[in-house]
Amino acid sequence: WCLFLDVDGTLLELADSPDAVEVDELLLPLLERLRVAAGGAVALVSGRTIADIDSLLGTGMFPVAGVHGCQRRDVDGRVHLAPVIPGRLSGLRKGLDRLAAAHPTLLVEDKGAGLALHYANAPELRDHLRGEVAQLAAGLSTDFATVEGRAVIEVKPAGYTKGSAITAFMSQAPFANRTPIFIGDDITDCDGFETVNRYDGLAIAVGPRVSSRWWLPGPAAVRSWLEALLKHS
């Protein structure tokens, strides 16, 4: 097998903002044991940037896909980035900053390849923000797409997804010719589920927002399932 893991809501409990998540001391040793058992075929697949994931975990050792596949660090440490011309998102950024100034509970996150608007502390604004972001993004070309996750709306390069990142990993040793497992908890993980299903792999949904043939209730259950996987490996 080979393993692809989302981070927030899958390995870690969700928080009101990306900076507020708590990483316990047991997570990194668990990931390292999984990597040894899988011969190195373990990758993190997240909406966070690669730099953010490395900082969060305190290591830069793992293959990682960040910003929903717009960034990817392969097993050799090479980083592959979605091409974005500097300044293409400047108008969108100004518009999102105006929204955040009008509603101080909002958070604008610059991910380099894309921009994210977090509204966990203002869920009542969801429909309003959807319309505002759609209008702001309308001026961008079809090179960009708008995606939604749990209490976040993002604009990022089109054609790059968690599914495309998993496909890229699967073309390279040690992932190639293994059965993939992908565990994720949000709508942005669904194309990852579809991808591993095409490889006759195992797609495991976490929590109430997504569904799959296999399901776990939350991060604690994910950790327990991964421990069981280690025992049977």
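Everything that follows concerns the structure shown earlier in this document.
The following refers to the structure shown.

What counts, and at which threshold
- Residues numbered from 1 in each chain as written.
- Predicted model: local features only at pLDDT ≥ 70, side-chain atom pairs only at ≥ 80, totals over all residues.
- Heavy atoms only, no water.
- Phe/Tyr/Trp six-rings, centres within 6.5 Å; stacked < 30°, edge-to-face > 60°.
- Buried < 20%, exposed > 50% of the residue type's maximum accessible area, 1.4 Å probe, protein only.
- Lys NZ or Arg CZ within 6 Å of the ring centre and 35° of its normal.
- Pairing = 2+ DSSP bridges.
- Helix = DSSP H or I, 4+ residues; strand = E, 2+ residues; numbered from the N terminus.
- Contact = heavy atoms within 4.5 Å.
- Axes fitted to C-alpha atoms, helices over the stretch in contact; angles between N-to-C directions.
- Disulfide = S-S within 2.5 Å.
- Salt bridge = Lys/Arg side-chain N within 4 Å of Asp/Glu carboxyl O.
- Lys, Arg positive; Asp, Glu negative; His and termini not counted.
- Polar contact = N/O pair within 3.5 Å; in protein donor to acceptor, adjacent residues only side chain to side chain.

What follows covers the packing of aromatic side chains. Applying the stated criterion to the full structure yields four aromatic pairs. Relative to F175, the ring of F169 has its centre 5.3 Å away and its plane inclined at 45°; by these criteria the two rings are tilted. Per residue, the accessibility class of F169 equals that of F175, and both read buried. In this structure, R35 is placed above the aromatic ring of F62, and the distance from its NZ or CZ to the ring centre is 4.5 Å.

Sheet analysis places strand β8 (residues 144-149) next to strand β9 (residues 152-157), joined by six bridges and oriented antiparallel. Bridge pairing in β9 links V147 to E154. Hairpin connection between β8 and β9: a loop of two residues separates the two successive antiparallel strands, and A151 in this loop has a positive phi of roughly 60°.

Let us now look at the environment of D110. Tracing the backbone through its elements, the reader meets D110 in strand β6 (residues 107-110). Under the relative-accessibility criterion, D110 is labelled partly exposed at 48%. Taking the C-alpha atoms as reference, D110 lies 12 Å from G47; in sequence the two are 63 residues apart. The contacts of D110, once residues within four sequence positions are left out, are R93 and L115.

This paragraph deals with the sheet that holds strand β11 (residues 202-206). With mixed pairing, the eight strands of this open sheet are ordered in space as β5-β4-β3-β2-β1-β10-β11-β12. In the strand order of this sheet, the two ends are held by β5 (79-81) and β12 (214-216), each with one partner. If you compare each strand with its neighbour and ignore which way they point, the axes differ by 15° on average. Bridge count for strand β1 (residues 2-5) against strand β10 (residues 180-184) is four bridges, and the pairing is parallel. Paired with C2 across the strands is P180, a residue of β10. Each of β1, β10, β11 and β12 is contacted by helix α7 (residues 219-231), which is oriented at about 160° to β10, the strand it contacts most.

With that out of the way, let us pick up the state of the cysteines. Put plainly, a disulfide is one covalent bond tying together the sulfur atoms of two cysteines. According to the stated counting rule, one finds zero disulfides in the structure shown. The cysteine C2 is free of any disulfide, with C190 supplying the nearest cysteine sulfur at 19 Å. We classify C2 as buried; its relative accessible area is 0%. Of all cysteine sulfurs in the structure, the one in C190 sits closest to C70, which takes part in no disulfide; the separation is 17 Å.

Scanning all chains against the criterion turns up 18 salt bridges. Of the charged contacts, one joins R130 and D127 as a salt bridge, the two residues approaching to 3.5 Å between their closest N and O atoms. Taken as a pair, R130 and D127 lie in helix α4 (residues 126-137) at a separation of three residues, close to a single helical turn. One network of salt bridges, in which partners are shared, links R126, D127, R130 and E148.

What follows deals with the side chain of E109. Looking at where E109 falls in the secondary structure, it is placed in strand β6. In this structure, E109 is buried with no salt-bridge partner, the nearest side chain bearing the opposite charge being K111 at 4.3 Å. Polar contacts involving the side chain of E109 include one to the side chain of H118, which spans 2.7 Å. For E109, the contacting residues outside a window of four places in its chain are P18, D52, G114, L115, A116 and H118.

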